[in-house]
Amino acid sequence: MYPILVAPSVLACDFGRLHDEVKRAQTAGADWLHMDIMDGHFVDNISFGPAFVDAAAQVATVPLDTHLMVSRPDHYFPRFVRASRNITIHVEADCDVSGTLAAIRSAGATCGLSLRPGTPFESLVPHLHEIDLLLIMTVEPGFGGQPFLAGMLDKIRAADEARRTHGLKYRIQVDGGVTVETGAQCVQAGADTLVAGTSVFRAPDMAAAIQSLRSLPRR
Ligand code: DX5
Ligand code: ZN
């Protein structure tokens, strides 16, 4: 069983003070920093691009975990791979998913695969042996600050079950509306990697928020 890792989502930080915000999250105990890339096509929002991730990397001492919510991750991932420890793509993307995962690995990062709330878990099954991380979206991707979709807990259980049944080693990450309350349900269901934007960057005490997520009880 993996230790729980907390990955604050930089999407929720004050972009005008990026370096200070990255340092603040690290000082508060962030394990990874989650970078949400949105292309205005795969999702209905545009966030930031490679230059912004490179700017974060200038002061980052923890791994950058890049989540590509873009239609063509095969085309764009090379621009993010130097700064990123992990790159996650979506199974719904318009690309050869297996080939792109393999290319991310060859370029030196670990690879993750995600799915939208409306996409069934079964769509990931052919790729489970190809990934280091399985990201279950617990909101519709595109915006921070949305309420957690409790219906996704069954997908977390399915991911955990498949990991055990097939003897696989991917981390199970959740992203969207994660607070100490909803994070507790995710961890109970089998998640070990918690992305949290609003509940961490807007917390009155960021270190306490990260610590409470990291110490949620396992099953
Ligand atoms: C949603 C993003 C999330 C989001 C999480 O499209 O992938 O990472 O920033 O933010 P909160 O924790 O505020 O829901
Ligand atoms: Zn994300």
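By convention here, each chain's residues receive numbers from 1 onward along its written sequence. All chains are assigned letters beginning with A, and all ligands numbers beginning with 1, in the order in which they are written. The predicted nature of this model means local features are confined to residues of pLDDT at least 70 and side-chain atom pairs, given and counted, to a pLDDT of 80 or more, with totals for whole chains, interfaces and linings taken over all residues. Side-chain descriptors were evaluated using all non-hydrogen atoms of the structure, hydrogens and water having been removed beforehand.

A. The arrangement of the overall build of the protein chain in detail. Only DSSP runs of H or I reaching four residues or more are called helices, and only runs of E reaching two or more are called strands; each is numbered from the N terminus. When you go through the protein chain residue by residue, the secondary structure sums to nine helices and eight strands. In terms of C-alpha radius of gyration, the protein chain reaches 16 Å, essentially the compact-globule figure of 17 Å for 219 residues. Along the first, second and third principal axes, the C-alpha set of the protein chain runs to 40 × 40 × 30 Å. Every one of the 219 residues in the protein chain was classed for burial, and the buried ones make up 55%. Counting every atom, the protein chain has about 9100 Å² of accessible surface; 54% of that belongs to carbon and sulfur. None of His or the chain ends enter the tally, which takes Lys and Arg as positive and Asp and Glu as negative. For the purpose of locating charges, the reference atoms are NZ of Lys, CZ of Arg, CG of Asp and CD of Glu. Separation between the mean location of the 19 positive side-chain charges and that of the 24 negative ones in the protein chain comes to 6 Å. Note on method: radius of gyration uses C-alpha positions; expected globular size equals 2.2 Å times residues raised to 0.38. Accessible area is worked out with a 1.4 Å probe on protein chains only. A residue is then buried under 20% of its type maximum, exposed over 50%, and partly exposed in between. Here the open area of atoms and residues is found with the Shrake-Rupley method and a 1.4 Å probe, where only the protein chains shown may cover a residue.

B. Here's a closer look at the packing of aromatic side chains. Stacked, tilted and edge-to-face are the three classes assigned to paired rings of Phe, Tyr and Trp, where Trp is represented by its six-membered ring and a pair needs centres within 6.5 Å; plane angles under 30 degrees give stacked, over 60 edge-to-face, the rest tilted. According to the stated counting rule, one finds three aromatic pairs in the structure shown. Taken together through their ring pairs, the aromatic side chains of Phe15, Phe48 and Phe52 make up a single cluster. By definition, being over a ring means that NZ of Lys or CZ of Arg is both within 6 Å of the ring centre and within 35 degrees of the ring normal. Lying over the aromatic face of phenylalanine 42, arginine 116 brings its terminal NZ or CZ to 4.2 Å of the ring centre.

C. Geometry of the pattern of salt bridges. For salt bridges, the criterion is a side-chain nitrogen of Lys or Arg within 4 Å of an Asp or Glu carboxyl oxygen. Taken as a whole and assessed by the stated rule, the structure comprises 15 salt bridges. Between arginine 17 and aspartate 14 there is a salt bridge; the shortest N-O distance is 4.0 Å. What makes arginine 17 partly exposed here is its relative accessible area of 39%. Bridged by salt links that share partners, the residues Asp160, Arg163, Arg164, Arg171, Asp192 and Arg219 form one connected network.

D. How the structure looks around the site of ligand 1. Proximity is defined per residue: any heavy atom of the residue falling within 4 Å of a molecule or strand makes that residue near it. Near ligand 1 you find 20 residues, and of these Asp36, Gly142, Asp175, Gly197 and Thr198 are the closest. One of the backbone nitrogen or oxygen atoms of glycine 177 is found 2.8 Å away from an oxygen atom of ligand 1. Note that an oxygen atom of ligand 1 is positioned 2.4 Å from one of the side-chain N or O atoms of threonine 198. Notes on ligand 1: free accessible area 380 Å², of which the protein chains cover 98%. Those elements that provide at least two residues to the shell around ligand 1 are strand E2 (33–38), strand E3 (64–69) and strand E8 (193–196). No other element matches the three residues that E2 contributes to the shell around ligand 1. Gly is put with the polar residues, along with every residue not named as nonpolar or charged; the nonpolar set is Ala, Val, Leu, Ile, Met, Phe, Trp, Tyr, Cys and Pro, and the charged set is Asp, Glu, Lys and Arg. Of the residues contributing to the shell around ligand 1, the split by class is eight nonpolar, 10 polar and two charged. Polar contacts, as used here, are pairs of N or O atoms within 3.5 Å; protein pairs need one atom able to donate a hydrogen and one able to accept it. Residues neighboring in sequence count only if both atoms are side-chain atoms.

E. Structural view of the pairing of strand E7 (residues 171–175). Judged by how many residues are buried, E7 sits mostly within the fold: five of five residues are covered. A two-sided burial pattern is seen for E7, the buried positions comprising Arg171, Gln173 and Asp175 on one face and Ile172 and Val174 on the other. A pair of strands is considered paired only if DSSP assigns at least 2 bridges between the two. Of the pairings in the sheet, the one linking strand E6 (residues 133–137) to E7 comprises five bridges and is parallel in character. The partner of isoleucine 136 across the bridge, within E7, is valine 174. Handedness of the crossover is the feature at issue here: the chain leaves E6, passes through helix H6 (residues 153–166), returns alongside E7, and the resulting connection is right-handed. Pairing of E7 with E8 involves three bridges; the strand directions are parallel. Residue glutamine 173 lies in a different strand from E8, and its bridge partner there is threonine 193. Handedness rule for crossovers: strands pointing away from the viewer, path from the first strand over the helix to the second running clockwise, crossover right-handed.

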